[in-house]
Amino acid sequence: MIKKIEKLDDMGRGITYVNNKITFVPNALVGEEVDIKELEEHKKYNICTSFELLNESPERCKDICKYYNDCGGCSIYHMNEELELLFKKRRIEDIMLHYAGIKLDDIEIISGNMNGYRNKITLRVKDGKLGLLKEKTNDIVKIDECLIANSKINSLIKILNEKIKKQDINKIIIKTSNDEVMLGLYGKVNNIDDFKDICDSLYINDIPATNKYITKKIGNKNYHIRLLSFFQVNDEICKKLFDEIRKIVKEIKPKRVLDLYSGVGTIGIYISDVANEVLGVETVKEAVIDAEENKKINNVKNISFINNKVENIIDKLNGYDLIITDPPRKGLDTKTKETLKKIKPKNIIYVSCNIMTLARDIKDLDDYELESIKLFNMFPRTYHFESLALLRKK
């Protein structure tokens, strides 16, 4: 069944029509002709699970990962760099117009290395195979490298492929900093000494067996990172994002800053030298403990942290002229948005990894207007990206 790809959906899948029903073709680009071999049929749509590419778009990536068709880690590796950035630009423009009613004339894209950027990876182990999960399955795609992971991770993958043969491990997390490596092993580790000499910090089933943390440096700030601490996976773009937030804060010159979903204190500490006072709110207890530690190692005196859910405490906080929020993918809850409108900060800096919920929240915060928005390509080779929006009180 020969079909032509007409457009792309929000996840970068090709779209065509079979029997007047929308059909999604992963890894296909606009203008390409495909011979569809297998279809997964649903009531209102189809998903192509196998096709032969008949003609290739000039925008197709030439140097593609050898595991791409099996591994579920990357979703748009088949696009070249120019097309990926254009796809993401159009996506943010379309969603902001459709869901927030805001037409973006132009949007700045901050990008960097397309490969070798990831500082963290989660590997699975089964029947002596070390690799990544095949998309929508529990099957393991054995790998000896991951092109989007950094060189430290790829060096370890080769070593771990040998070491796992003597162990009963089912999952491995690798996290890296500027010059350190952390390993998290899950399952039964028969010999800890096999791993102590290849990492700076070792966890076994979430319990530290050696050092509890590695230290990551972003700009002139240092952060202690534990195994389960959240930190952006792309150090290069993370610094560019933090620098842009700091630049905005410096221009605004706020007296009091409220940092919602503050995590291990990353953003709050990074901007602390251009604000009089910063208060971070974070629901994860361990993250707050890390934040207090990061405050000390950076000798920051004007920041404090509260361990609580944002929605539980937001209505008790007043007198902040700038609010920075970096919520989870689901965005801000209704109570938080309504309280923000009552608090009436002059400015809101909104960091988002989900453009859909960002557009929804901007529409709901109707006392504010969008001053600026930038796209940070935090996750190259996938359809995900980070957005930074500045909202000003009308």
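First, a word on scope: everything that follows refers to the structure included in this document. Because the structure is a prediction, the values reported are computed rather than measured. Residue positions are given per chain, counted from 1 along the sequence in the order it is written. Local features are withheld for residues below a pLDDT of 70 in this predicted model, meaning they are given only at 70 or higher, and side-chain atom pairs are given and counted only at 80 or more; totals for whole chains, interfaces and linings count all residues. In computing side-chain properties, one takes all heavy atoms of the structure into account and sets aside hydrogens as well as water.

1. Overview of the pattern of salt bridges
Any carboxyl oxygen of Asp or Glu that lies within 4 Å of a side-chain nitrogen of Lys or Arg is treated as forming a salt bridge with it. Under the criterion given, the structure shown has 27 salt bridges. In this structure, D35 and K37 form a salt bridge, with 3.1 Å as the shortest nitrogen-oxygen distance. Here E52 ties to K37 by a salt bridge, and the two come within 3.7 Å at their closest N and O atoms. Placement of the pair is E52 in strand β6 (residues 46-53) and K37 in strand β5 (residues 33-41), with a sequence separation of 15 residues. Counted as one network, the salt bridges with shared partners bring together K337, R360, D361 and D364. To qualify as a helix, a DSSP run of H or I must reach at least 4 residues; to qualify as a strand, a run of E must reach at least 2; elements of each kind are numbered from the N terminus.

2. Let's talk about the sheet that holds strand β8 (residues 120-126)
Spatially, the seven strands line up as an open sheet ordered β10-β9-β8-β11-β12-β13-β14, and their pairing is mixed. With one partner strand each, in any of the chains shown, β10 (140-142) and β14 (207-208) form the two edges of the open sheet. Every residue pair with non-hydrogen atoms within 4.5 Å of one another is taken to be in contact. The convention used is that axes are lines fitted to C-alpha atoms, helices contributing only their stretch in contact, and that angles between N-to-C directions extend from 0 to 180 degrees. The sheet strands contacting helix α2 (residues 151-163) are β8, β9 (129-133), β10, β11 (168-176) and β12 (181-188), and the helix crosses β11 at an angle near 160 degrees. DSSP-based pairing: two strands are paired if at least 2 bridges between them are found.

3. Considerations on the sheet that holds strand β3 (residues 14-18)
Here six strands make up an open sheet; going across it, the order is β1-β5-β6-β4-β3-β2 and the pairing mixed. What marks the edges here is a single partner per strand, and that holds for β1 (2-4) and β2 (7-8). Relative to β6, β5 is paired through seven bridges, and the arrangement is antiparallel. Looking at β6, one finds that L39 is bridged to C48.

4. Some details on helix α1 (residues 81-100)
One fewer than the residue count of a helix, multiplied by 1.5 Å, yields its expected span. Counted at 1.5 Å a residue, the expected span for α1 with its 20 residues is 28 Å, and the 28 Å between its end C-alpha atoms agrees. Restricting attention to buried positions, one finds in α1 the residues L83, E84, L85, F87, K88, K89, R91, I92, E93, I95, M96 and A100. Where α1 is buried, its residues touch β2, β7 (108-110), α9 (355-364), β22 (368-376) and β23 (386-393). Looking one or two residues past α1, G101 carries a phi angle of roughly 70 degrees, positive in sign. Relative accessible area decides the class of each residue, using a 1.4 Å probe on protein chains only: under 20% of the type maximum gives buried, over 50% gives exposed, and in between gives partly exposed.

5. A few points about the packing of aromatic side chains
The description of an aromatic ring pair rests on the distance of the ring centres and on the angle between the ring planes. Stacked, tilted and edge-to-face are the three classes applied to pairs of Phe, Tyr and Trp rings, where Trp contributes its six-membered ring and a pair requires centres within 6.5 Å; stacked means planes under 30 degrees apart, edge-to-face means over 60, and tilted covers the rest. Scanning all chains against the criterion turns up four aromatic pairs. Its guanidinium or amino end placed over the ring of Y186, K171 lies 4.4 Å from that ring's centre, counting from NZ or CZ. Criterion for a charge above a ring: Arg CZ or Lys NZ at most 6 Å from the ring centre, at most 35 degrees from the ring normal. Over the face of the ring belonging to Y320 we find R256, whose NZ or CZ atom lies 4.1 Å from the ring centre.

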